[in-house]
Protein chains: 2
Amino acid sequence: MHNLPKLSEEYIDPNTYPPGVAFMDGQYLTMDKAKISVLDYGFLHSDATYDVVHVWKGAFFRLEDHLNRFFRGMDMLHMSISCDKAQVTEILYNCVALSGLQNSYVEFICTRGTSPDFSRDPRDAINRFIAFAIPFGSVANEKQMQRGLHIAITDIVRIPPPSVDPTIKNYHWLDLVKGLYTAYDQEADTAILLDSNGNIAEGPGFNIFVAKDGLVSTPEFGVLKGITRQSIFDLCKEMQIECVARDITPNELKAADELFITSTAGGVMPVTKINDKPIGLGSVGSLSKRINEAYWQMHGQDKNRMAIDYPTKSEVVDGC
Amino acid sequence: MHNLPKLSEEYIDPNTYPPGVAFMDGQYLTMDKAKISVLDYGFLHSDATYDVVHVWKGAFFRLEDHLNRFFRGMDMLHMSISCDKAQVTEILYNCVALSGLQNSYVEFICTRGTSPDFSRDPRDAINRFIAFAIPFGSVANEKQMQRGLHIAITDIVRIPPPSVDPTIKNYHWLDLVKGLYTAYDQEADTAILLDSNGNIAEGPGFNIFVAKDGLVSTPEFGVLKGITRQSIFDLCKEMQIECVARDITPNELKAADELFITSTAGGVMPVTKINDKPIGLGSVGSLSKRINEAYWQMHGQDKNRMAIDYPTKSEVVDGC
């Protein structure tokens with residue numbers, strides 16, 4: 001036999017990670033130190049739920065809605081953590097404050113976890129809570145925000161509700177990733193997947209909205225009930241624009257006056273091409289612009305925000 | 001504002017992990033040190049493929065078949081690693097030899113990885129290879145092997161092929177985990193999911209076989225093409241038992257003479273109850289026993305095995 005290598009004393013990770021602060025097991029850590037066991041069923045079985053809230057100009061936006069969805073998801077998956085909503089809020093607050101990030105993408109996760117003997121019974125596992133705050137990210141980059149996104153409608157079917165409940169935010173993304181590669185092959189920026197009836201579903205990390213003859217619509221079946229999606233409903237109501245959730249066919253998407261996608265990662269993002277065909281005039285439409293502006297104005301309303309006091313160094317004390 | 005906690009210098013993981021040895025980034029590590037970044041898309045998007053081979057009495061079983069499936073899966077997901085099959089073999093060998101485990105569950109994984117700026121474009125990520133050897137595990141425990149497993153047929157639909165290709169071994173398990181909780185509610189040991197046509201698909205980590213009037217059958221559509229499943233085809237051919245892959249209805253399962261499930265984690269495991277109704281005589285059937293014995297005999301054939309020379313301490317040298 002060949003000579004065997006030695007065991008290493010410690011794992012040295014050669015990869016580089018973004019700035020930010022994570023929380024795991026009572027500890028606040030820089031992102032390069034935030035690591036989970038390869039045996040965690042959140043990884044090995046994607047047995048996890050999560051949520052993402054953003055911080056904009058030093059304040060959380062609609063944090064309570066994200067918390068409610070997250071706690072509902074844990075319930076539905078038979079998971080529980082020792083923190084209540086107030087405690088999770090404090091942890092997220094601490095991650096952002098310690099990171100110093102004024103604009104941040106804040107993810108919080110519950111995984112099934114592991115059991116000491118690696119039992120295959122999920123009831124034996126100790127569920128784990130993880131959170132992290134990293135710089136704000138967007139589905140659309142600056143150039144795409146200006147010219148509008150180019151989207152490919154694929155024939156890939158978003159994992160349907162009889163398999164996985166899409167209202168429980170989850171990490172089952174292989175269909176969405178396949179969509180991305182299909183889109184790249186067509187020189188599009190991102191993809192739309194279909195629902196199991198052949199109607200429009202959603203894309204990688206976003207909901208989609210169609211505007212036609214003054215009516216705004218978004219799919220209802222087989223999609224995540226996005227918080228930004230909800231913000232669009234709320235805004236349209238205020239702005240007296242009719243907005244409904246319903247089945248939408250691929251052809252309706254192609255014949256739209258305007259299209260935009262919504263995500264906590266980026267907000268309201270215009271779409272100007274579908275399958276290489278321009279939408280409307282082929283430039284960002286006026287309704288999309290108005291809704292986008294209104295969305296960012298919402299961030300200033302007291303009911304939607306929770307401001308963060310960022311520390312000076314002397315304010316940081318020993319925790320937990 | 002409240003006083004902020006301090007950042008921790010190092011992450012201290014309070015959890016306990018099984019014995020074994022992992023490989024990451026050129027390093028061999030005990031299982032408590034094998035950790036991936038929470039930002040790896042293998043975790044955050046379950047964007048990964050993997051395989052599991054077992055070591056039995058000091059030898060790998062059908063390693064080449066597992067390697068072939070793994071490399072095919074990476075290709076299909078647009079992933080690549082710097083190791084070829086011979087190098088992966090050497091890594092798996094080293095993990096097992098260093099672990100000292102004579103019977104081992106050996107998992108190897110390729111994740112999408114991360115990019116330094118946490119890009120959302122999967123093409124920007126550096127794919128990661130991880131492997132580990134831990135003690136051999138089984139879907140069925142000893143008691144269940146004796147009395148036969150009790151299985152619940154659920155109405156949950158296994159994630160269908162138009163969403164995720166089941167022949168690429170993947171971590172999308174939320175449907176299977178839901179199946180387990182549904183089974184536990186019915187005091188069953190594990191679950192069977194349906195395919196999108198209402199036929200029998202597979203269960204959490206296993207394929208299922210039906211024996212009726214001397215014919216052995218297993219589902220063909222919407223399932224993982226298990227290596228143990230392939231071993232059953234091979235064995236039945238040798239034993240001159242007719243064995244086919246075809247659509248199987250839930251009623252056929254209930255009316256079977258014998259049922260068994262197959263998995264690298266446990267081999268051939270008998271089923272004696274479906275939805276609280278006994279199968280056949282309600283005890284482990286003679287055909288299941290014969291096939292199980294033949295399966296373990298296969299492990300002694302030279303073409304199926306690759307023996308491991310376990311080290312004495314003086315043989316372990318500096319690696320890489």
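Computed from a prediction, not measured in an experiment: that's the story for all the values here.

Analysis parameters
Residues numbered from 1 in each chain as written. Chains lettered and ligands numbered in written order. Predicted model: local features only at pLDDT ≥ 70, side-chain atom pairs only at ≥ 80, totals over all residues. Heavy atoms only, no water. Helix = DSSP H or I, 4+ residues; strand = E, 2+ residues; numbered from the N terminus. Contact = heavy atoms within 4.5 Å. Areas by Shrake-Rupley, 256 points an atom, 1.4 Å probe, with all protein chains shown as cover. Lys, Arg positive; Asp, Glu negative; His and termini not counted. Charge placed at Lys NZ, Arg CZ, Asp CG, Glu CD. Pairing = 2+ DSSP bridges. Axes fitted to C-alpha atoms, helices over the stretch in contact; angles between N-to-C directions. Salt bridge = Lys/Arg side-chain N within 4 Å of Asp/Glu carboxyl O. Nonpolar A, V, L, I, M, F, W, Y, C, P; charged D, E, K, R; others polar. Buried < 20%, exposed > 50% of the residue type's maximum accessible area, 1.4 Å probe, protein only. Least-squares fit on C-alpha atoms with pLDDT ≥ 70 in both. Phe/Tyr/Trp six-rings, centres within 6.5 Å; stacked < 30°, edge-to-face > 60°. Domains from an automatic or database assignment. Buried area = accessible area lost by both parts, 1.4 Å probe. Polar contact = N/O pair within 3.5 Å; in protein donor to acceptor, adjacent residues only side chain to side chain. Core = buried A, V, L, I, M, F, W, Y, C linked by side-chain atoms within 4.5 Å.

Engineer: What is the right way to look at the overall build of chain A in this model?
Structural biologist: Summing up its helical and strand segments, chain A has eight helices and 16 strands in all. By its C-alpha atoms, chain A is 65 × 55 × 35 Å across when sized along the principal axes. Here the analysis covers contacts within chain A between residues at least 6 apart in sequence; of these, 71% occur between residues at least 24 apart. Roughly 12700 Å² of accessible area belongs to chain A as shown, and the carbon and sulfur atoms make up 48% of that amount. Between the centroid of the 30 positive side chains of chain A and the centroid of its 41 negative side chains there is a distance of 4 Å.

Engineer: Sorry, what's going on with the sheet that holds strand β5 (residues 59–61) of chain A here?
Structural biologist: In a beta sheet, neighbouring strands pair by backbone hydrogen bonds and run either parallel or antiparallel. Residues and elements named next belong to chain A. If you walk across this open sheet you meet the seven strands as β2-β1-β7-β6-β4-β5-β16, and the pairing is antiparallel. The open sheet terminates on both sides in strands that have one partner only, identified here as β2 (27–30) and β16 (305–307). Adjacent strand axes in the sheet meet at a mean angle of 25 degrees when their direction is disregarded. Pairing of strand β6 (residues 104–114) with strand β7 (residues 126–135) involves nine bridges; the strand directions are antiparallel. Looking at the pairing, Phe-108 lines up with Ala-131 of β7.

Engineer: What am I meant to see in the interface of chain B and chain A here?
Structural biologist: Listed as interface residues are 94 residues of chain B and, on the opposing side, 95 residues of chain A. The tally of links from chain B across to chain A stands at two salt bridges. Notably, a salt bridge pairs Asp-13 of chain A with Arg-128 of chain B, separated by 3.9 Å at the nearest N-O pair. The residue makeup of the side of chain B that touches chain A, split by class, is 52 nonpolar, 22 polar and 20 charged. Here strand β3 (residues 35–37) of chain A pairs with strand β3 (residues 35–37) of chain B via three bridges, running antiparallel. Bridge pairing in β3 of chain B places Lys-35 of chain A opposite Ser-37 of chain B.

Engineer: Looking at this structure, I do not really get unusual backbone geometry. What am I missing?
Structural biologist: All names here are of chain A. Notably, Gln-240 is not glycine yet its phi reads approximately 55 degrees, a positive angle. Relative to the assigned elements, Gln-240 resides in the loop between α6 (227–238) and β12 (243–245). When its relative accessible area of 75% is taken as the criterion, Gln-240 is described as exposed.

Engineer: Got a minute to help me understand the relation of the copies chain B and chain A in this structure?
Structural biologist: Both copies of the chain are related through a single rotation about an axis accompanied by a shift along the same axis. Mapping chain B onto chain A leaves a residual RMSD of 0.0 Å; the transformation is a rotation of 180 degrees accompanied by 0.0 Å of translation along its axis. In short, the pair behaves as if placed about a two-fold rotation axis. Interface overlap between copies: 100% of the residues of chain B at the interface are likewise at the interface in chain A, consistent with a symmetric, same-surface contact.

Engineer: Honestly, the packing of aromatic side chains in this entry has me stumped. Any pointers?
Structural biologist: Centre distance and the angle of the planes are the two values used to describe a pair of aromatic rings. All names here are of chain A. Under the definition given, this model contains 32 aromatic pairs over all chains. When the ring of Trp-56 is compared with that of Phe-136, the centres are 5.1 Å apart and the planes differ by 65 degrees; the resulting orientation is edge-to-face. Pair noted here: Trp-56 is in strand β4 (residues 48–56) and Phe-136 is in the loop between β7 and α4 (142–147), with a separation of 80 residues, a long-range link. According to the relative accessible area criterion, Trp-56 is partly exposed, its value standing at 24%. For Phe-136, a relative accessible area of 21% translates into the label partly exposed. Ring centres of Tyr-295 and Trp-296 lie 5.0 Å apart, and the angle between their planes is 75 degrees; this geometry places the pair in the edge-to-face category. An aromatic cluster is defined as three or more aromatic residues linked by ring pairs; in this entry it consists of Phe-23, Tyr-28, Phe-70, Phe-71, Phe-108 and Phe-129.

Engineer: Explain the pattern of salt bridges here, please?
Structural biologist: For side chains of opposite charge, pairing can occur when their charged atoms come near one another. One pass over the structure, following the stated rule, counts 30 salt bridges over all chains. Where Arg-158 of chain A meets Asp-175 of chain A, a salt bridge forms, and the shortest distance between an N and an O atom there is 2.7 Å. Taken together, the residues span a long stretch of sequence, with Arg-158 of chain A in the loop between β8 (149–157) and α5 (174–185) and Asp-175 of chain A in helix α5 at a distance of 17 residues. What you see here is one network of salt bridges that share partners, running through Asp-13 and Lys-35 of chain A together with Asp-25 and Arg-128 of chain B.

Engineer: What's the story with the domain arrangement of chain A in this structure? I'm lost.
Structural biologist: As a measure of interface size, the accessible area lost when the parts come together is often cited. All names here are of chain A. Splitting chain A by domain gives domain 1 (21–135) and domain 2 (142–303). Averaged C-alpha coordinates put domain 1 and domain 2 at centres separated by 26 Å. Both faces considered, domain 1 and domain 2 share a buried interface measuring about 1900 Å² in area, 62% of it formed by carbon and sulfur atoms. Along the contact surface separating domain 1 from domain 2 lie one salt bridge. As a salt-bridge pair, Asp-234 and Arg-62 come within 2.9 Å of each other at their nearest N and O atoms. Inspection of the domain 1/domain 2 interface yields nine residue pairs in polar contact (both at pLDDT 80 or more). Of all the secondary-structure elements, those providing two or more residues to the side of domain 1 that touches domain 2 are β4, α2 (63–76) and β6. Per-class residue counts for the side of domain 1 that touches domain 2 are 10 nonpolar, six polar and six charged.

Engineer: Help me out: how do you make sense of the pairing of strand β2 (residues 27–30) of chain B in this one?
Structural biologist: For a regular strand, side chains alternate in direction, first toward one face of the sheet and then toward the other. All names here are of chain B. In the sheet, strand β1 (residues 21–24) pairs with β2 via four bridges, with the strands oriented antiparallel. In the sheet register, Ala-22 faces β2, and the bridge partner there is Leu-29. Between β1 and the antiparallel strand that follows it, β2, lie two residues; Asp-25 among them carries a positive phi value of about 50 degrees.

Engineer: Would you mind showing me how to read the environment of Gln-186 of chain B here?
Structural biologist: Positionally, Gln-186 of chain B belongs in the loop between α5 (174–185) and β9 (190–194). Taking C-alpha positions, Gln-186 of chain B is 9.2 Å from Ile-151 of chain B, a pair spaced 35 residues apart along the chain.

Engineer: Any chance you could explain the sheet that holds β2 of chain B here in plain terms?
Structural biologist: All names here are of chain B. An order of β2-β1-β7-β6-β4-β5-β16 is seen for the seven strands of this open sheet, with the pairing classed as antiparallel. Of all the strands in the sheet, the pair left with one neighbour each is β2 and β16 (305–307). Strand after strand, the sheet turns through a mean of 25 degrees between neighbouring axes, direction not considered. Strands in contact with helix α2 (residues 63–76) are β4 (48–56), β5 (59–61), β6 (104–114), β7 (126–135) and β16; relative to β4, the strand with the most contacts, it is inclined by about 175 degrees. On top of the sheet, helix α3 (residues 85–99) reaches β1, β2, β4, β5, β6, β7 and β16; it is set at about 35 degrees to β7, its chief contact.

Engineer: What is the right way to read the nonpolar core from this model?
Structural biologist: Generally speaking, soluble globular proteins have nonpolar side chains that are buried together. In terms of nonpolar packing, the biggest core is built from 112 residues, with Val-38 of chain A together with Val-38 of chain B touching the most fellow members. When residues no more than four places from it in sequence are discounted, the contact partners of Val-38 of chain A are Phe-43 and Leu-44 of chain A together with Met-24, Met-31, Ala-34, Lys-35, Ile-36, Ile-130 and Phe-132 of chain B.

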